[in-house]
Number of protein chains: 2
Amino acid sequence: MLYCQIMTPFDRPPVGMNLARTSKVVAQAFDAAMVEAGGTLPVWLTLLSVKSKELANQRELAGMIGIQGATLTHHLNAMEAQGLLTRRRDPENRRVHQVALTEAGEAMFERLRKAALAFDKRLRTGIPDDKLAEFAEVLAALRRNAEPPQS
Amino acid sequence: MLYCQIMTPFDRPPVGMNLARTSKVVAQAFDAAMVEAGGTLPVWLTLLSVKSKELANQRELAGMIGIQGATLTHHLNAMEAQGLLTRRRDPENRRVHQVALTEAGEAMFERLRKAALAFDKRLRTGIPDDKLAEFAEVLAALRRNAEPPQS
DNA sequence: ATCTAATCATTAGATATCTAACTTTGTCTT
DNA sequence: AAGACAAAGTTAGATATCTAATGATTAGAT
C-alpha cells in the first residue's frame, strides 16, 4: 500500500496527495472536454482572463489564472498566431500590451464556455450544494495553511 | 471578476477551477518543503512508490503515483545517475527492470518522509477530522464524476 | 535634466509531463 | 517450431510550466 509509510492518524492518505491526484484526474478530463470543443485548458483560461478584463495588462491576466507572465506570453504568442487575439501597445504607457479577442477568439470563447459549463455540471452531479460549500471552505483553509512557508 | 462568465448557481467559482488552483498552490508549497529537505516532489513520489513495493515493475510504480511509465523512466534515469537507486533486469522475466534503493536512496527517503509528514500536519491545522473526512468523500465523488468521458 | 529605480513584457534555458513510436523479450496459436 | 501478438521499457518529440536574465519604457530624485 502506497501510503503505509506516511499514514495519517485516521488511516487516510495525506490530504495533499489526495488533493493532487484528484486535481490531476479532473484537469485531464476537463482538458479532454476542451479539446473536443476545439480548444485546450490553457487556451480556455487565457480567453476567460481576457474576457474578464479586457485591456488589462499581461501580469494581471496571468495572475487571474494563476500562471506566471512568461507562461502567458507563450500562450498569447500561439493564440495570436492562430488569429484568436491581437496585441498592441498602449499609447498611454508603451510598456504594456493591450490584449483583445478577434472575432474568431470570441467564437472560440463561446464554444469553450458552453463546454466548460457542461463539464462543471457533470462534475457536480450527486453532490449536494451544502457539501460543495463545505468543500470550498476546506479548499480555502488548505490554501491558507500552505502559504506561510516560513514563520 | 474572473468567474462572471461562468458563474455557478450559488455565486461560487466552478468547483474544478477552485480545485485546480488550490492544488497548484499546495503542490508548490510542498515542493518547496521537499527542496528544503534536499529533494523534489517527483523524487519523493518516486522514492515512496519504490519503498511501497520493492521489486515492482515500472508500470506498477508509475501507476501508484499517477504518472505514465515514460515519465517515471525519466525520473529513474536522473535518480540512478544521482546514486539514489539501481535498476537490474529480473532474471525470471528479462523485460522487467527491478528497482531498488541504494543506501543514499534510503537516507533521502527518510529525510523527505519527515518533511512530508511535517507538511501534512501543517496543512491540516485548524481543520477538524470530520471535515477532512467529508472533504475526502467529495474528492472521491469528483474523481468518479470526471472519469466517464463518454456515456 | 540626467541618472537611477521600477515596471512590463519577452527571451532563454530548465523541469515535468504526455503520447506515439520503437526495441527487446516473452507468450500463444496453429 | 514459426510467426503473430502482447508486454515492459526506452526514446523522441510535443506542451505547459517555472525562474532568471534582458530590453524597452516610464517615474522619481537630486
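Use the structure listed above.
Just so it is clear, the structure is predicted and the values come from calculations on it, not from any experiment. (Residues numbered from 1 in each chain as written. Chains lettered and ligands numbered in written order. Predicted model: local features only at pLDDT ≥ 70, side-chain atom pairs only at ≥ 80, totals over all residues. Heavy atoms only, no water.)

**Brief notes about the interface of chain B and chain A**
Point 1. Counting residues at the interface gives 60 residues for chain B and 60 residues for chain A.
Point 2. Interface area, chain B with chain A, both sides summed: about 5,500 Å², of which 64% is carbon and sulfur.
Point 3. Seen at the junction of chain B and chain A, the total is 2 salt bridges.
Point 4. Where Glu134(A) meets Lys131(B), a salt bridge forms, and the shortest distance between an N and an O atom there is 3.5 Å. (Contact = heavy atoms within 4.5 Å. Buried area = accessible area lost by both parts, 1.4 Å probe. Salt bridge = Lys/Arg side-chain N within 4 Å of Asp/Glu carboxyl O.)

**Describing the protein's contact with DNA strand D**
Point 1. Gln68(A), Thr71(A), His75(A), Gln58(B) and Thr73(B) are the nearest of the 21 residues found near DNA strand D.
Point 2. Each atom of DNA strand D within 4 Å of the protein was assigned to sugar, phosphate or base; sugar and phosphate come to 75%.
Point 3. Take Gln58(B): an N or O atom from its side chain is 2.7 Å from a phosphate oxygen of DNA strand D.
Point 4. Among the elements of the structure, helix H4 (69–81) and strand E2 (93–101) of chain A together with helix H3 (58–65), helix H4 (69–81) and strand E2 (93–101) of chain B are those that each provide at least two residues to the surface near DNA strand D. (Near = heavy atom within 4 Å. Polar contact = N/O pair within 3.5 Å; in protein donor to acceptor, adjacent residues only side chain to side chain. Helix = DSSP H or I, 4+ residues; strand = E, 2+ residues; numbered from the N terminus.)

**Observations regarding H4(B)**
Residue and element names in this part refer to chain B.
Point 1. Here H4 spans 18 Å end to end across 13 residues, near enough to the 18 Å set by a 1.5 Å rise per residue.
Point 2. Residues of H4 that are buried: Leu-72, Leu-76 and Met-79. Each buried residue of H4 lies within a common arc of 70° when the element is viewed along its axis, so the set occupies one face. H4 presents Ala-70, His-74 and Ala-81 as exposed residues on the side facing more than 90 degrees away from its buried surface.
Point 3. Elements that come into contact with the buried residues of H4 comprise helix H2 (41–52), H3, strand E1 (85–90) and E2.
Point 4. Phi turns positive, to about 80°, at Gly-83, one or two residues after H4. (Expected span 1.5 Å × (residues − 1). Buried < 20%, exposed > 50% of the residue type's maximum accessible area, 1.4 Å probe, protein only. Arc of directions from axis to C-beta.)

**Quick notes on the relation of the copies chain B and chain A**
Point 1. Relative to chain A, chain B is turned by 180° and slid 0.0 Å along the rotation axis, the superposed coordinates differing by an RMSD of 0.0 Å. A rotation of that kind, with that shift, is consistent with a two-fold axis. The C-alpha atom lying nearest the rotation axis in chain B is that of Phe135(B); the distance is 2.9 Å. (Least-squares fit on C-alpha atoms with pLDDT ≥ 70 in both.)

**Here's the deal with the protein's contact with DNA strand C**
Point 1. The full set close to DNA strand C counts 21 residues, and Gln58(A), Thr73(A), Arg87(A), Thr71(B) and His75(B) are the nearest of them.
Point 2. Taken together, the sugar and phosphate atoms account for 75% of what DNA strand C places within 4 Å of the protein.
Point 3. Measuring from a phosphate oxygen of DNA strand C, one finds a side-chain N or O atom of Thr73(A) at 2.9 Å.
Point 4. At 3.1 Å, a side-chain N or O of His97(A) approaches a phosphate oxygen of DNA strand C.
Point 5. If you list the elements that add at least two residues to the surface near DNA strand C, you get helix H3 (58–65), H4 and E2 of chain A together with H4 and E2 of chain B.
Point 6. At 4 residues, the largest contribution of residues to the surface near DNA strand C is made by H4(B).
Point 7. Of the residues in the surface near DNA strand C, the class split is 5 nonpolar, 10 polar and 6 charged. (Nonpolar A, V, L, I, M, F, W, Y, C, P; charged D, E, K, R; others polar.)

**Some thoughts on the packing of aromatic side chains**
Point 1. Per the counting criterion, the structure on display carries 5 aromatic pairs over all chains.
Point 2. Ring plane angle 20° and centroid distance 4.9 Å describe the contact between Phe135(A) and Phe135(B), whose orientation is recorded as stacked. One end of the pair, Phe135(A), is in helix H6 (residues 129–146); the other, Phe135(B), is in helix H6 (residues 129–146), on a second chain. Each member of the pair, Phe135(A) as well as Phe135(B), carries the same accessibility label: buried.
Point 3. Seen in terms of ring centroids, Phe30(B) and Phe119(B) are 5.1 Å apart; in terms of plane orientation they differ by 80°. Their pairing is edge-to-face. Of this pair, Phe30(B) sits in helix H1 (residues 15–36) while Phe119(B) sits in helix H5 (residues 103–124), and the two are 89 residues apart along the sequence.
Point 4. Judged by its relative accessible area of 12%, Phe30(B) is buried. (Phe/Tyr/Trp six-rings, centres within 6.5 Å; stacked < 30°, edge-to-face > 60°.)

**Some points on the side chain of Asn18(B)**
Point 1. Note that Asn18(B) resides in helix H1.
Point 2. With relative accessibility at 13%, the residue Asn18(B) sits in the buried group.
Point 3. The contacts of Asn18(B), once residues within four sequence positions are left out, are Ala136(A), Leu139(A) and Arg143(A).

**What about the pairing of E1(B)?**
All names here are of chain B.
Point 1. Two elements, E1 and E2, share 6 bridges in a ladder whose sense is antiparallel. Paired with Arg-88 across the strands is Gln-98, a residue of E2.
Point 2. Counting the residues in the hairpin turn of E1 and E2 gives 2 residues. (Pairing = 2+ DSSP bridges.)

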